Amino acid sequence: MPTFGRPFASYHLWSLIAPAVGQERWHCQMKRGFIKARQKEPTVKALLTHASAPQRIGLLAQKGVYEFHHHRQLLNQPDGVEQVAQLLKLSKLSDEVQQRVIQILKNYHDEPVLKGKHIIELTSGDEGFPRPIWVDQKNYHFRLYATMDCIFTEQDRTLHILDFKTGRSAFDERQALVYLVAARYLYPKQQAVASFYNLERCKKSDLIRVTASQLDAIENQLATVAQKHQQDIFQYEENPSKFSEIFPPTPGSHCRYCSFNTICEFSGFKPSK
Ligand code: SF4
């Protein structure tokens, strides 16, 4: 993720700056510092490139859905799940990852939520970094990054942006709101709605719709996120020794699940060696 030049915003950055509802107690700004300010340091880079089991499962689930629609006959074949599992090279992965991804593929084979939809975009997860959307308004300018898992059109031509989830975490509506802001730039002539679908639990969210003035307010909030982050990065680059003041830590039992607990001097959890 770039750090220089024009400020940028994304759902990921927003979620690193402000916690989702119910996550306030374990929200830690220092994680943002590691991910967005110190990401080029070799130790941090190594931690960032190592995907955790939940991250790997999320990526494989997305790729599995992509393969089912890329080779559409597999949705109707009794051995479709096994064939997609082979395409994903699941047998090389840990038992936990294999079992959970196979269950996801079975769920999707039984209930393919995109079947019969007019899909205009479905990502495999291999596309790399998204192209920026340039947001130029009178009071602010920033680059917006939004990678959408899937976009299809409803019968009335409304765009439907669908985000796939795995695991148990709650849907964070802010992600859908960022997609709706992006859709306003990418597809200015079409109305858009967004929703989430958990591939592991086969659970749909409600449809998320917003008015034009609500979109303006969200865009404003993203501009604030972009500015705040750029200021923090600037301060850090001016004075790296103030890392923990610019990105204050929130240590606690949640440090057990933090990717940086081996290098964070404030960690409330030290893994055994
Ligand atoms: S180990 Fe704990 S204090 Fe350190 S960055 Fe992670 S969550 Fe924050």
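Structure: see above.
Residues numbered from 1 in each chain as written. Predicted model: local features only at pLDDT ≥ 70, side-chain atom pairs only at ≥ 80, totals over all residues. Heavy atoms only, no water.

Visitor: Explain the overall build of the protein chain residue by residue, including any values.
Guide: Secondary structure summary: the protein chain contains 9 helices and 8 strands in total. The C-alpha radius of gyration of the protein chain comes to 20 Å, within 12% of the 19 Å expected for a compact globule of 273 residues. With respect to the three principal axes, the spread of C-alpha positions in the protein chain is 60 × 55 × 30 Å. A buried classification covers 44% of the 273 residues belonging to the protein chain. In the structure as shown, the protein chain presents an accessible area of about 15,600 Å², 50% of it carried by carbon and sulfur atoms. Considering the protein chain, the positive charge centre built from 35 side chains and the negative charge centre built from 28 side chains are found 2 Å apart. (Helix = DSSP H or I, 4+ residues; strand = E, 2+ residues; numbered from the N terminus. Rg over C-alpha atoms; globule rule 2.2 N^0.38 Å. Buried < 20%, exposed > 50% of the residue type's maximum accessible area, 1.4 Å probe, protein only. Areas by Shrake-Rupley, 256 points an atom, 1.4 Å probe, with all protein chains shown as cover. Lys, Arg positive; Asp, Glu negative; His and termini not counted. Charge placed at Lys NZ, Arg CZ, Asp CG, Glu CD.)

Visitor: Can you break down the nonpolar core residue by residue, with the values?
Guide: Grouped together as the largest cluster of nonpolar side chains are 34 residues, with contacts concentrated most on Phe-142, Leu-144, Met-148, Ile-161, Val-178, Ile-218 and Leu-222. Elements with a minimum of two residues in this core: strand S1 (8–10), helix H1 (11–17), strand S3 (133–136), strand S4 (141–145), strand S6 (159–165), helix H7 (173–186), strand S7 (192–198) and helix H8 (212–238). In terms of residues, this core owes the most to one element, H7, which gives 8 residues. Non-local contacts of Leu-144, meaning those with residues more than four positions away in its chain, are made with Ala-9, Ser-10, Arg-131, Pro-132, Ile-133, Val-135, Val-178, Val-181, Ala-182 and Leu-222. Ranked by size, the runner-up nonpolar core spans 26 residues in total, among them Leu-90, Ile-104, Val-113 and Leu-122. (Core = buried A, V, L, I, M, F, W, Y, C linked by side-chain atoms within 4.5 Å. Contact = heavy atoms within 4.5 Å.)

Visitor: Give a description of the site of the ligand that names residues and reports values.
Guide: Lining the immediate surroundings of the ligand are Cys-28, Met-30, Lys-31, Pro-249, Pro-251, His-254, Cys-255, Cys-258, Asn-261, Cys-264 and Ser-267. Looking at the shell around the ligand, its residues break down into 7 nonpolar, 3 polar and 1 charged. (Near = heavy atom within 4 Å. Nonpolar A, V, L, I, M, F, W, Y, C, P; charged D, E, K, R; others polar.)

Visitor: Before we move on, could you go through the packing of aromatic side chains and cite the residues and values that matter?
Guide: Counted according to the given criterion, the structure contains 10 aromatic pairs. Centroid distance Tyr-140 to Phe-142: 5.9 Å. Interplanar angle 40 degrees. Geometry classified as tilted. Residue classification places Phe-142 among the buried positions, given a relative accessible area of 0%. Among the aromatic residues, those joined into a ring-pair cluster are Phe-34, Tyr-236, Phe-243, Phe-247 and Phe-260. Looking at Arg-38, its charged tip hangs above the ring of Phe-243, at a distance of 4.6 Å from the centre. Across from the ring centre of Trp-14, 5.4 Å away, lies the NZ or CZ of Arg-174, which sits over that ring. (Phe/Tyr/Trp six-rings, centres within 6.5 Å; stacked < 30°, edge-to-face > 60°. Lys NZ or Arg CZ within 6 Å of the ring centre and 35° of its normal.)

Visitor: Describe the side chain of Asp-163, listing the residues and the values that go with them.
Guide: For Asp-163, the position within the fold is in strand S6. Judged by its relative accessible area of 3%, Asp-163 is buried. Residues in contact with Asp-163, not counting those within four places in the same chain, are Asp-149, Gln-175, Tyr-179, Ser-195, Phe-196 and Tyr-197.

Visitor: Run through the layout of surface pockets, naming residues and quoting values.
Guide: In this structure, the second largest pocket occupies an estimated 290 Å³ of space. Looking at the second largest pocket, it is lined by 15 residues, and the ones nearest its centre are Glu-121, Pro-130, Arg-131, Ala-146 and Leu-186. Its residues assigned to classes, the lining of the second largest pocket shows 9 nonpolar, 3 polar and 3 charged. (1 Å grid on protein atoms, 1.4 Å probe; cavity = no way out; pocket = protein on both sides within 12 Å on 5 of 7 lines; lining within 4 Å. Points joined across faces, edges and corners; volume = space filled by probe spheres on them.)

Visitor: Give me the lowdown on the pairing of strand S5 (residues 150–153), citing residues and values where you can.
Guide: The alternating pattern of S5 places Cys-150 and Phe-152 on one face and Ile-151 and Thr-153 on the opposite face, and all of these are buried. Relative to S5, strand S2 (residues 118–122) runs antiparallel, the two being bridged by 4 bridges. Of the residues in S5, the one forming a bridge with Glu-121 is Ile-151. For S5 and S6, the ladder comprises 4 bridges, and the chain directions are antiparallel. Opposite Thr-153, over in S6, you have Leu-159 as the bridge partner. Linking S5 back to S6 in an antiparallel pair, the connection comprises 5 residues, with Arg-157 at a positive phi of about 75 degrees. (Pairing = 2+ DSSP bridges.)

Visitor: An account of unusual backbone geometry is requested, with residue identities and associated values reported.
Guide: The phi torsion at Arg-157 lies on the positive side, around 75 degrees, for a residue other than glycine. Tracing the chain through its elements places Arg-157 in the loop between S5 and S6. One non-glycine residue, Cys-202, adopts positive backbone phi at about 55 degrees. Judged by its relative accessible area of 32%, Cys-202 falls in the partly exposed class.

Visitor: Go over the pattern of salt bridges with me, naming the residues and quoting the values.
Guide: Applying the stated rule across the entire model yields 11 salt bridges. Across the pair Asp-163 and Lys-165 runs a salt bridge, and its minimum N-O distance is 3.0 Å. Per residue, the accessibility class of Asp-163 equals that of Lys-165, and both read buried. With its nearest N and O atoms 2.8 Å apart, the salt bridge here joins Lys-228 to Asp-232. Taken together, the residues span about one helical turn, with Lys-228 and Asp-232 both in helix H8 at a distance of 4 residues. You can call Lys-228 partly exposed: its relative accessible area is 36%. (Salt bridge = Lys/Arg side-chain N within 4 Å of Asp/Glu carboxyl O.)

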